[in-house]
Amino acid sequence: MRHLLFSAAALLAFAAPAHAETVAISGGRVVIGDGTPPIEGGTVVLRDGAIVAAGSNVAIPAGARTIDATGKWVTPGIFAGFSRIGLSEVDAVKGTNDKGGGKSGFSAALDVAPAIDPFRSPIAVNRAAGVTRAVVAPEADSKIFGGQGAIADLGADANPVTKARAFQYVEFGESGAGQVGGSRSALHTAFRAYLREAQAHAGGNDAFDDDLLKIEDARALQSVLRGETRLMLHVEGANDMLRLLELKRDFPAIKMVFVGASEGWRVADKLAAAGVPVIASALNDLPASFEMLSATQSNIGRLKRAGVKVAIGMIDDRDSHQLRYTPQYAGNLVSLQKVPGATGLSWDEAFATISSVPADIMGVGDHLGSLKPGKAADVVVWDGDPLELSSAAEKVFIDGVEQPLGNRQNRLRDRYRNPVEGDLPKAYDR
Amino acid sequence: MKGTFRWSLLAAPLALVACSNAKEAPKTASAASADKPAKVDKNPFPSTYKAYPGQATAIRNVTIFDGEGGRIDNGVVFFSEGQIKSVGGPETPIPADIAVFDGDGQFVTPGIIDIHSHLGDYPTPSVDAHDDGNEATSPTTPEVWAEHSVWPQDPGFSRALANGGITTLQVLPGSANLMGGRSVTLKNVYARTVQGMKFPGAPYGLKMACGENPKRVYGAKGRMPSTRMGNLAVNRQTWIKAQEYKKKRDAGKDYTRDIGMETLAGVLDGDILIQNHCYRADEMAIVLDMAKEFGYKVTAFHHAVEAYKIGDLLKANDVCAAVWADWWGFKMEAYDAIPENAGILQNSGACVIIHSDDENQIQRLNQEAAKALSNGRRMGFQISDADAIRWLTYNPAKAMGIADKTGSLKPGKMADLVLWNGNPLSVYSRPSKVWVDGALMFDASDPKKRPVSDFELGQPGEGDVK
């Protein structure tokens, strides 16, 4: 295989949507998604798959299909900051679960892009809940390098991958240590050895130790070392985060993103100073392990206050099926504002953690994550406050294409609306 | 997410309060003779829970959900001596000399009850040394009791109280086994011993499990059961033995005590409630017939993700369905789960309970109920907010056999209640105060009224108490 050009721009393959129309959604409460307050009675115009304009006093183009959103909320689609959507249909049914792959012998080279299956039902179910884009990560199930994750859309089409090989996923902390020999000293040694091996290989050094890395794995890590592919590290403990920040001294070009980060608040100033962004679990507040002793629901709020760029992700939390929890989690961070002693987020900040901020963190913020002109037209019309439990998505656009919202859960619902069998068995009711 | 191994559905039998010594040997002159069986102590680990002191308190100007489907706007609730004294509208009399809170538009509900928890027997931190929920060495272990695994220092109890308003919970063994052992019902009040948390007078439950888990666990060991038909065969053989045991015991003749059989005989007596983990509709129907065959009652099916397919059958059999709002797809028997499960059940007239089986979701059962409610309403069903609160209060109390003591705001019941800083069915609301037996055990505005388990004391963050 020839060297690939790991240029971020070259990898941003935004396929032209097939049926993107010109649409004007007017009269609703418009949320741009960048942390600014909602705009009452705003208009959002989409054309050729992109946002043309969003806000007050927006002219409706001639010939546009108009949608009256009076009394509704209009927002960017939910951008799930961490997930494994599309990699599994039924988690415990092995043949349907493509999250891992480390037993193949490959590690950093593994690429989730071809495994993201747009025809799996979790895609349709979460699309119906207003989730339009997601970070899709592999599981590092036998080596610390899980492989290359992607940015995907949840559209009802055959092309789910927005950006392949968008990041390299690494399991750090307790589970990473367990994978390389059972201690953190082994973890740090092995991790740096892998990176140096990849570096040496890039420099033409033939003394390549194939026991450490396969050639394909080394190539995948070279784009990480050049800073072209983000290095996403699952790390929970405060000390593990501090020690990882030191990695920059030896590998200055690496762009790190921390995911999990339950104890992030304890080192928030250091994270802010280092400019390392965080994709955190919103509500983990239990000492589930000894690296999460100080887990708190105030983590994201405190990180934000310290100046860290922080988004919500669902690591280790039903990451292949329940991205629809994302707005609920954001809403909970808003509720913390009323809890004495807790640190939450304003509504506007909370919505940004599930739209523009994760897109920015993953390097696709120029194209995704908000309703600013020129961005991909991922738009959701909600029947109420999108963070509230009683609200639902009524219309979902991805790349300007209005999406079907049906799925097999709806079909089961309709079949069993009245559970009693009628003139024919339920199997005939469709 | 923890392994599917611990996802256990329990069915809680509805009936009866355990009347502990009612069925003991007749008090005849010969009762003391040497060949009579030893007197069986049905309560060898008795509750030592005692309510903490509380002030006589009234809360006025609140919206009250009474737990039994009632709603009072601008209401008053008055409690003292650990008991609810009166609940009503603004005219409800309040004694002159007691503490009165102005709820200022806040909401009051009964204490939230989780019928399905593993706090204590799968505590955090989730280290191997704490894996005490599944005695996965035999497919039937009715002889084990969850209370002997509960670690009363689980930090999860504090989060369930502070964020979820949980005042009572049933801790169950896991679902590796067809018969997993006895459950224990706890007051959500920290104590040095599990006995100090035990809900006084609550009946025991027996955890049973259908489906994938038992057959997977034992099939993998090369032993029975390895199929669903194997599951049923082992269950039925075991119930036959239990019937024989009960017969010998009831005859008053000498017999060798067997603590597993004592539990099963307790089920046949109606003293111990069946809490049956069962996902699929067809399997629930099989279990109902098995229960009839052996003369016991299933009180509740837990994790009943397909209950919506048989709402009529569950209603006819007076069996509750304890469900999640929307979990699905994590294993094959959860594939047909839908978010309208609770709504369809409610519309079918069946008994609905929202449960957690999770140390995180127990902190927001109110939110799970809110999602289930909204999904039901979106089908056009008329379900009130007060109905949804019932799913978290009176209905689980009924299925745990304690509805005469807690689960609703009725005079004479335990003063277990939550003051919420907004509608508990909103994502933006949290408990502001929680009382258990009339004692203020959590107050969001008072750091001294937030418990910290021994495990978290002196740790960074110290249980997030600020």
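Residues numbered from 1 in each chain as written. Chains lettered and ligands numbered in written order. Predicted model: local features only at pLDDT ≥ 70, side-chain atom pairs only at ≥ 80, totals over all residues.

Asks: What am I meant to see in the overall build of chain B here?
Replies: A tally of helices and strands in chain B yields 10 helices and 17 strands. In terms of C-alpha radius of gyration, chain B reaches 22 Å, essentially the compact-globule figure of 23 Å for 466 residues. Across its three principal directions, the C-alpha atoms of chain B cover 65 × 55 × 45 Å. Put simply, of all contacts in chain B between residues at least 6 apart along the chain, 71% involve residues at least 24 apart. (Helix = DSSP H or I, 4+ residues; strand = E, 2+ residues; numbered from the N terminus. Rg over C-alpha atoms; globule rule 2.2 N^0.38 Å. Contact = placed C-beta atoms within 7 Å.)

Asks: Is there a simple way to explain the overall build of chain A in this structure?
Replies: If you tally the helices and strands in chain A, you get 13 helices and 16 strands. In terms of C-alpha radius of gyration, chain A reaches 22 Å, essentially the compact-globule figure of 22 Å for 430 residues. Considered along the principal axes of its C-alpha atoms, chain A spans approximately 65 × 55 × 45 Å. Excluding contacts between residues fewer than 6 apart, the proportion of contacts in chain A whose partners are at least 24 apart in sequence is 70%.

Asks: Explain the nonpolar core to me, please; I cannot follow it from the model alone.
Replies: Where a protein is soluble and globular, its nonpolar side chains tend to be buried together. One finds Val77, Ala321 and Ile353 of chain B to be the most contacted residues of the largest nonpolar core, which totals 252 residues. Sequence-distant contacts of alanine 321 of chain B, defined by excluding residues within four places in its chain, comprise Phe301, Ala304, Ala307, Leu314, Leu345, Ala350, Cys351, Val352 and Ile353 of chain B. Leu286, Ala288, Met292 and Leu293 of chain A belong to the second-largest nonpolar core, a separate cluster that totals five residues. (Core = buried A, V, L, I, M, F, W, Y, C linked by C-beta atoms within 7 Å. Buried ≥ 20, exposed ≤ 12 C-beta atoms within 10 Å, placed from the backbone.)

Asks: Sorry, what's going on with helix α4 (residues 259–269) of chain B here?
Replies: For an α-helix, the turn length of 3.6 residues means that residues three or four places apart are oriented alike. Residues and elements named next belong to chain B. When you tally the buried positions in α4, you get eight out of 11 residues, the bulk of the element. When we look at burial in α4, the residues that qualify are Gly260, Met261, Glu262, Thr263, Leu264, Ala265, Gly266 and Val267. Buried residues along α4 sit in contact with β8 (179–182), β10 (205–209), α3 (228–251) and β11 (273–277). One or two steps after α4, the chain reaches glycine 270, where phi turns positive at roughly 90°.

Asks: What should I look at first to understand the sheet that holds strand β9 (residues 184–187) of chain B in this one?
Replies: Paired through backbone hydrogen bonds, the strands of a sheet run either parallel or antiparallel to each other. Residues and elements named next belong to chain B. Taking strand neighbours across the sheet as the criterion, the three strands line up as β6-β7-β9 in an open arrangement whose pairing is mixed. Edge positions in the open sheet fall to β6 (112–117) and β9, since each of these has one partner strand only. Neighbour-to-neighbour, the strand axes of the sheet open up by a mean angle of 20°, direction not taken into account. Sheet topology note: the strand β7 (residues 166–171)/β9 ladder contains four bridges and is antiparallel. Within β9, the position partnered with valine 171 by the bridge is valine 184. (Pairing = 2+ DSSP bridges. Axes fitted to C-alpha atoms, helices over the stretch in contact; angles between N-to-C directions.)

Asks: Explain the sheet that holds strand β12 (residues 298–302) of chain B here, please?
Replies: Residue and element names in this part refer to chain B. The mixed open sheet is built from six strands, whose spatial order is β8-β10-β11-β12-β13-β14. Of all strands in the sheet, those bounded by a partner on one side alone are β8 and β14 (351–354). Averaged over all adjacent pairs, the angle separating strand axes in this sheet is 20°, with direction ignored. By the bridge criterion, three bridges tie β12 to strand β13 (residues 320–323) in an arrangement that is parallel. Directly across from phenylalanine 301, in β13, lies its bridge partner alanine 321.

Asks: Please explain the interface of chain B and chain A as it appears in this structure.
Replies: Bring the parts together and some accessible area is lost; that lost area is often taken as the interface size. Taken residue by residue, the interface counts 49 residues in chain B and 41 residues in chain A. The set of elements that each furnish at least two residues to the side of chain B that touches chain A consists of α1 (156–164), α6 (311–316) and α8 (365–378) of chain B. When residues of the side of chain B that touches chain A are assigned to their parent elements, the largest contribution, five residues, is made by α8 of chain B.

Asks: What is the right way to look at helix α10 (residues 326–335) of chain A in this model?
Replies: Across the 10 residues that make up α10 of chain A, a large majority, 10, are buried. Taken together, the buried positions of α10 of chain A are occupied by Thr326, Pro327, Gln328, Tyr329, Ala330, Gly331, Asn332, Leu333, Val334 and Ser335 of chain A. Those residues of α10 of chain A hidden inside the fold are in contact with β6 (78–83), β7 (131–136), α9 (299–305), β13 (310–312) and α11 (347–352) of chain A together with α8 of chain B.

Asks: Would you explain unusual backbone geometry in this entry?
Replies: With the exception of glycine, most residues fall at negative phi, and the peptide bonds are largely trans. Going from threonine 124 of chain B to proline 125 of chain B, the amide bond is cis rather than trans, its omega being -5°. As for its placement among the helices and strands, proline 125 of chain B is situated in the loop between β6 and α1. For the peptide bond that leads from methionine 224 of chain B to proline 225 of chain B, omega is 0°, which places it in the cis range. When you line up the elements, proline 225 of chain B lands in the loop between α2 (212–219) and α3. At aspartate 399 of chain A, a position not held by glycine, the phi torsion is positive, near 50°. Here aspartate 399 of chain A is to be found in the loop between β15 (393–398) and β16 (401–402). Residues other than glycine seldom take positive phi values, yet glutamate 81 of chain B does so here, at roughly 50°.

Asks: Which parts of the structure should I look at to understand the environment of proline 396 of chain B?
Replies: Residue and element names in this part refer to chain B. Along the chain, the position of proline 396 falls in helix α10 (residues 394–399). We classify proline 396 as buried; it has 32 C-beta atoms within 10 Å. Residues proline 396 and threonine 256, spaced 140 residues apart in sequence, show a C-alpha to C-alpha distance of 36 Å.

Asks: It is not clear to me how the packing of α3 of chain B against α4 of chain B should be interpreted in this structure. Could you clarify?
Replies: Describing two packed helices takes the angle between their axes plus the distance from one axis to the other. Residue and element names in this part refer to chain B. Here α3 crosses α4 at 85°, and the two axes come no closer than 9 Å. Taken as axis vectors, α3 and α4 run roughly perpendicular relative to one another. Facing Lys241, Ala242, Gln243, Tyr245, Lys246 and Arg249 of α3, the residues of α4 in contact are Met261, Leu264, Ala265 and Leu268. Classifying every residue of the contact of α3 with α4 by side-chain character gives six nonpolar, one polar and three charged. (Parallel < 35°, antiparallel > 145°, perpendicular 65-115°, else oblique. Nonpolar A, V, L, I, M, F, W, Y, C, P; charged D, E, K, R; others polar.)

Asks: So what exactly am I meant to see when it comes to the confidence of the model for chain A here?
Replies: Interpretation of this model should avoid reading the predicted coordinates in detail wherever pLDDT is low. Mean pLDDT over chain A: 93, with 94% of residues reaching 70 or higher. Counted against residues more than four places away or in other chains, residues 1–17 of chain A, with its pLDDT under 50, gives 22 contacts. (pLDDT = per-residue confidence, 0-100.)

Asks: When you look at the packing of α3 of chain B against helix α5 (residues 281–294) of chain B in this model, what are you seeing that I'm missing?
Replies: Residue and element names in this part refer to chain B. As a packed pair, α3 and α5 sit with axes 10 Å apart at the nearest point and diverge in direction by 20°. As far as their axial angle goes, α5 and α3 are roughly parallel. The hand of the α3/α5 crossing is right-handed. Across the interface between the two elements, Leu232, Asn235, Arg236, Trp239 and Gln243 of α3 pack against Ile286, Met290 and Phe294 of α5. Of the residues belonging to the contact of α3 with α5, the class tally is five nonpolar, two polar and one charged. (Left-handed = near helix turned anticlockwise from the far one by under 90°.)

Asks: Which parts of the structure should I look at to understand the environment of threonine 326 of chain A?
Replies: All names here are of chain A. Looking at where threonine 326 falls in the secondary structure, it is placed in helix α10. Here the alpha-carbon distance between threonine 326 and glycine 260, two residues 66 residues apart in the chain, equals 15 Å. Setting aside its immediate chain neighbours within four residues, threonine 326 contacts Ile78, Ala80, Val131, Ile312, Met314 and Ile354.

Asks: I keep staring at the environment of alanine 124 of chain A and nothing clicks. Help me out?
Replies: Looking at the element boundaries, alanine 124 of chain A is found in helix α2 (residues 121–128). C-alpha of alanine 124 of chain A to C-alpha of leucine 405 of chain A: the two residues are 281 residues apart in sequence and 7.0 Å apart in space.

Asks: Whenever I open this one, the confidence of the model for chain B confuses me. Can you help?
Replies: Residue and element names in this part refer to chain B. Taken over all residues, the pLDDT of chain B has a mean of 92, while the share at 70 or more is 91%. Note on residues 1–34: pLDDT under 50 across the span, and 102 contacts to partners over four residues away in sequence or across chains. Here the predicted complex scores 0.93 on pTM and 0.94 on ipTM.

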